[in-house]
Amino acid sequence: MRSIKYCGQRNLGKSGLRVSCLGLGTWVTFGSQISDEMAENLMTLAYENGVNLFDTAEVYASGRRSSFVITTKIYWGGQAETERGLSRKHIIEEIVRAMTFVINQGMAMYWGTSRWSAMEIMEAYSVARQFNLIPPVCEQAEYHYFQRDKVEVQLPELYHKIGVGAMTWSPLACGLITGKYSDGVPECSRAAMKGYQWLRERVNSEEGRRQLAKIKELHLLADRLGCTAAQLAIAWCLRSEGVSSVLLGVSNTDQLLENLGILSQMNPQTVTEMDAVLGNKPHSKKESRA
């Protein structure tokens, strides 16, 4: 497999919106872990290398619009009751109506969901059809070697039925896949940051140690393929059906350039070898019935 600098664009689900297959996420790093100058450098470098998708939320740092595709989220918001939460008033029908209003007013072009279940997404689509409203075009979901079921089993079905694409995040499992935690938790790592006790516990757990052992095997595979562990993991995410874009989380330009240098393709033999190491390939409903 050959390394390339940039992988091009894909449609977001079955919508007409073209997004770069790699996007830049701002959770954790922007506004807290890195300086404003570094954030600007990362956005500029990403854009110069073909990235046009930048993911934000009300609690993340935001960006400017031009030829960028900027995503944001509602839910967390501020501290007041009117600024957060999906209360009784914010049922699915109200969300679909609100998003249709936002689009009709020219404040957005498309809308999608984040961390919704397949049933909730299908319900939103049904509401849109029933009341002649605008349905979601994508779902944002966690996806990496150790979090597979939703993106590989549930979302492809929605992609074929209603055209919802997947925008995935955490391809390196909060840095676990890079191998940085193989010998403990480095002081400068995310797991050492305030508020990330859950990540430290995950790294030091029995399951975490099992995952790190598998990651070591996959590092050997990456060496054999002539790429880094991060590049292999990102290419693995992109090979999944229905994945429109993979969001990257980086804290410096070296990390960004490494992650943008993805593999041009994942051949079936490599995928099969990786599945054998991971031992957690999910099975679709059809496979389960068979």
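Description of the structure in this document. Every value quoted in this text rests on a predicted model; they were computed, and no experiment measured them.

## Here we look at the pattern of salt bridges
Then step 1. A complete count under the given rule lists nine salt bridges for this structure.
Then step 2. When the shortest N-O distance is used, the salt bridge between Glu 93 and Arg 97 registers 3.0 Å. With Glu 93 and Arg 97 both in helix 3 (residues 92-104) and four residues apart, this pair spans about one turn of that helix.
Then step 3. A relative accessible area of 33% means that Arg 97 is categorised as partly exposed.

## A word on helix 5 (residues 149-162)
Helical geometry note: an α-helix holds 3.6 residues per turn, so side chains three or four residues apart project in the same direction.
Then step 1. Its 14 residues place the ends of helix 5 19 Å apart at the C-alpha level, agreeing with the 20 Å of an ideal helix rising 1.5 Å per residue.
Then step 2. Residue Leu 155 marks the point of greatest curvature in helix 5, where the axis turns by about 40°; the proline Pro 156 follows within four residues.
Then step 3. Listed in full, the buried residues belonging to helix 5 are Lys 150, Val 151, Glu 152, Leu 155, Pro 156, Leu 158 and Ile 162.
Then step 4. Taken together, the buried residues of helix 5 touch helix 4 (118-131), strand 7 (138-142), strand 8 (165-169), helix 8 (229-238) and strand 9 (243-248).
Then step 5. Just downstream of helix 5, Gly 163 is the residue with a positive phi angle, here 80°.

## Some words on the nonpolar core
Then step 1. If you look at the biggest cluster of nonpolar residues, it comprises 71 residues, and the most contacted ones within it are Leu 22, Tyr 145 and Leu 256.
Then step 2. Ignoring anything within four residues of it in the chain, the contact list for Leu 256 reads Leu 24, Leu 42, Leu 45, Ala 46, Leu 248 and Val 250.
Then step 3. Formed by nine residues, the second largest nonpolar core is a distinct cluster that contains Val 137, Cys 138, Trp 169 and Leu 247.

## Considerations on the pairing of strand 3 (residues 22-25)
The side chains of a regular strand alternate, residue by residue, between the two faces of the sheet.
Then step 1. Residues of strand 3 alternate between two faces, with Leu 22 and Leu 24 on one and Gly 23 and Gly 25 on the opposite face, all of them buried.
Then step 2. Sheet analysis places strand 3 next to strand 9, joined by three bridges and oriented parallel. Within strand 9, the position partnered with Gly 23 by the bridge is Leu 247.
Then step 3. Pairing of strand 3 with strand 4 (residues 53-55), which is carried by two bridges, proceeds in the parallel orientation. Note that in strand 4 the partner of Gly 25 across the bridge is Asp 55.

## Some details on helix 2 (residues 36-48)
Then step 1. With 13 residues, helix 2 extends 18 Å between its outermost C-alpha atoms, agreeing within 8% with the 18 Å of an ideal straight helix rising 1.5 Å per residue.
Then step 2. Residues Ala 39, Leu 42, Met 43, Leu 45 and Ala 46 constitute the buried set of helix 2. For helix 2, the angular spread of buried residues about the axis comes to 165°, placing them on one side. Structural note: helix 2 exposes Asp 36, Glu 37, Glu 40 and Glu 48 on the side pointing more than 90 degrees away from its buried face.
Then step 3. Gly 50 sits one or two positions beyond helix 2 and adopts a positive phi of about 95°.

Rules of the game
- Residues numbered from 1 in each chain as written.
- Predicted model: local features only at pLDDT ≥ 70, side-chain atom pairs only at ≥ 80, totals over all residues.
- Heavy atoms only, no water.
- Salt bridge = Lys/Arg side-chain N within 4 Å of Asp/Glu carboxyl O.
- Helix = DSSP H or I, 4+ residues; strand = E, 2+ residues; numbered from the N terminus.
- Buried < 20%, exposed > 50% of the residue type's maximum accessible area, 1.4 Å probe, protein only.
- Expected span 1.5 Å × (residues − 1).
- Bend = angle between axes of the 7 residues up to and from the residue.
- Contact = heavy atoms within 4.5 Å.
- Core = buried A, V, L, I, M, F, W, Y, C linked by side-chain atoms within 4.5 Å.
- Pairing = 2+ DSSP bridges.
- Arc of directions from axis to C-beta.

Read these as spatial facts, not as claims about activity.
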